Amino acid sequence: MKLVPGIHISEGPEVSWHPLADGLSTIPSFAGEEEKPDARVIAVGEGIENGMAALWWCDVPGYGQHKVGAIGGFDASSEKITFQVLKGAEQRLREAGCTIAIGPMNGNTWRKHRFVIESTGRGPFLLEPRNNPEFPAWWRAAGYGELSRYSSSVMPLDGSTAVAPALKARLERSGLVIRPLHADRYDEELRAIYSISLRSFASNFLYTPLEEEGFLNGYRKVKNLVDPDLVRIAEKHGRPCGFVFAIADLEAAARGEKPALVVKTLAVDPESRCAGLGSLLVDEVHRLGREKGFTEAIHALQHETNTSLKITGRHHGKPIRRYALFSKLL
């Protein structure tokens, strides 16, 4: 469908125009219908100047006393078009009763969110968000400020550990066992991981619970990339109480580089009363990664207030990327 220049709003998740409009990036920017946006906005300029975003306001995280409107699935060919996309998005969110716009965020923090705002120049790693490096400046120019920050850090796998032998022995005496993921019952294992995640992440910034099927589908997509030895599940008296999910950086391998071990998710059930378990899980997956030939680990996408940053610090992690979520009062 050919659109005339201007700002266009499409209600609902359906796509009534081709997402790969001239001048835009390709599919990675696009929010699919399965993510159920409440509306979409597209700005059409002259020539090949175009921009788009998806909007959510019905099923979004809470933030203080505000009614949140999320802006995700964003792409734009210029700063001028960015202004138009965001102007159209803000107007539609105001009409929906929203008092603050947060983005880029595809509805919630389980999905694609954050802009890369700083980088050492190291290539992107597997499962990392990416964006046009000009996008953060364009959003700032449109009146958006940083709401929260995140980082990813790299460290050598040199055999060092963060957990003292006495603490490890105490945890083991308490009935704790750490085992690999059982690939032959993958979905059952994912359900255990899902249950731990809900309890562990409940106090996270902009947390919203995720339906089990949505969680399972996300991990099913990477099943063929997962090494079961690098997903460690902690059990106390037979009950799962923590896990760490790590995966080889296959994007680096595709570029002909030696892949790092990407430590993507670490979660501990706060009700397990296992102080030090997070550090022990990281030590364990680092050890196994080193045995498999990895020489570096990346601790990925950690919120600026996440206690896991202390673990990263103990392993002398150095930031390679910083990210931010942005917001604007409506």
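Quick note: structure is the one above.
Predicted, not measured: the structure shown is a model, and the values here were computed from it. (Residues numbered from 1 in each chain as written. Predicted model: local features only at pLDDT ≥ 70, side-chain atom pairs only at ≥ 80, totals over all residues. Heavy atoms only, no water.)

(A) Structural detail: the nonpolar core. Counting 43 residues, the largest nonpolar core has Ile102, Phe125, Tyr186, Ile193, Phe215, Phe243 and Phe245 as its most contacted members. For this core, the leading source of residues is helix H4 (residues 186–200), giving five residues. In this structure, Phe245 is in contact with Tyr219, Val222, Val226, Leu230, Val231, Val262, Val263, Lys264 and Thr265, ignoring residues within four places of it in sequence. (Core = buried A, V, L, I, M, F, W, Y, C linked by side-chain atoms within 4.5 Å. Buried < 20%, exposed > 50% of the residue type's maximum accessible area, 1.4 Å probe, protein only. Helix = DSSP H or I, 4+ residues; strand = E, 2+ residues; numbered from the N terminus. Contact = heavy atoms within 4.5 Å.)

(B) View of the packing of aromatic side chains. Across all of its chains, the model carries 15 aromatic pairs by this definition. Considering the side-chain rings of Phe74 and Phe115, the 6.3 Å spacing of their centres and the 70° angle between planes classify their relative orientation as edge-to-face. Linking Phe74 in strand E4 (residues 68–76) with Phe115 in strand E6 (residues 115–119), this pair joins segments that are 41 residues apart in sequence. There is no split in this pair, since Phe74 and Phe115 are both buried. Summarising the aromatic geometry, the rings of Phe74 and Trp139 are spaced 5.4 Å apart at their centres and angled 90° between planes, so their arrangement reads as edge-to-face. Of the two residues, Phe74 sits in strand E4 while Trp139 sits in helix H2 (residues 135–141), which places them 65 residues apart along the sequence. (Phe/Tyr/Trp six-rings, centres within 6.5 Å; stacked < 30°, edge-to-face > 60°.)

(C) Fine view of the pattern of salt bridges. Taken as a whole, this structure holds 26 salt bridges when the rule is applied. Close ionic contact of Glu189 with Arg179 constitutes a salt bridge, the shortest N to O distance being 2.6 Å. Of the two residues, Glu189 is situated in helix H4 and Arg179 in strand E8 (residues 176–180); the sequence distance between them amounts to ten residues. By relative accessible area, which is 2% here, Glu189 ends up buried. Across the pair Arg255 and Glu257 runs a salt bridge, and its minimum N-O distance is 3.1 Å. For Glu257, a relative accessible area of 39% gives the class partly exposed. (Salt bridge = Lys/Arg side-chain N within 4 Å of Asp/Glu carboxyl O.)

(D) Main features of the environment of Leu55. As for its position among the elements, Leu55 is in strand E3 (residues 50–56). Judged by relative accessible area, which is 0%, Leu55 ranks as buried. Through-space distance from the C-alpha of Leu55 to that of Ile71 is 4.9 Å; in sequence the pair is 16 residues apart.

(E) Quick look at the pairing of strand E5 (residues 100–103). Residues Ile100 and Ile102 point to one face of E5 and Ala101 and Gly103 to the other, with burial holding for every one of them. Bridge analysis of E4 against E5 gives three bridges, and the strand direction is parallel. Bridged to Ala70 within E5 is Ile102. A crossover connection joins E4 to the parallel E5 through helix H1 (residues 79–95); in handedness this β-α-β unit is right-handed. Direction of pairing for E5 relative to strand E13 (residues 318–329): antiparallel, over a ladder of four bridges. The residue bridging Ile102 from the neighbouring strand is Ser327, located in E13. (Pairing = 2+ DSSP bridges. Right-handed = clockwise from strand over helix to strand, strands pointing away.)

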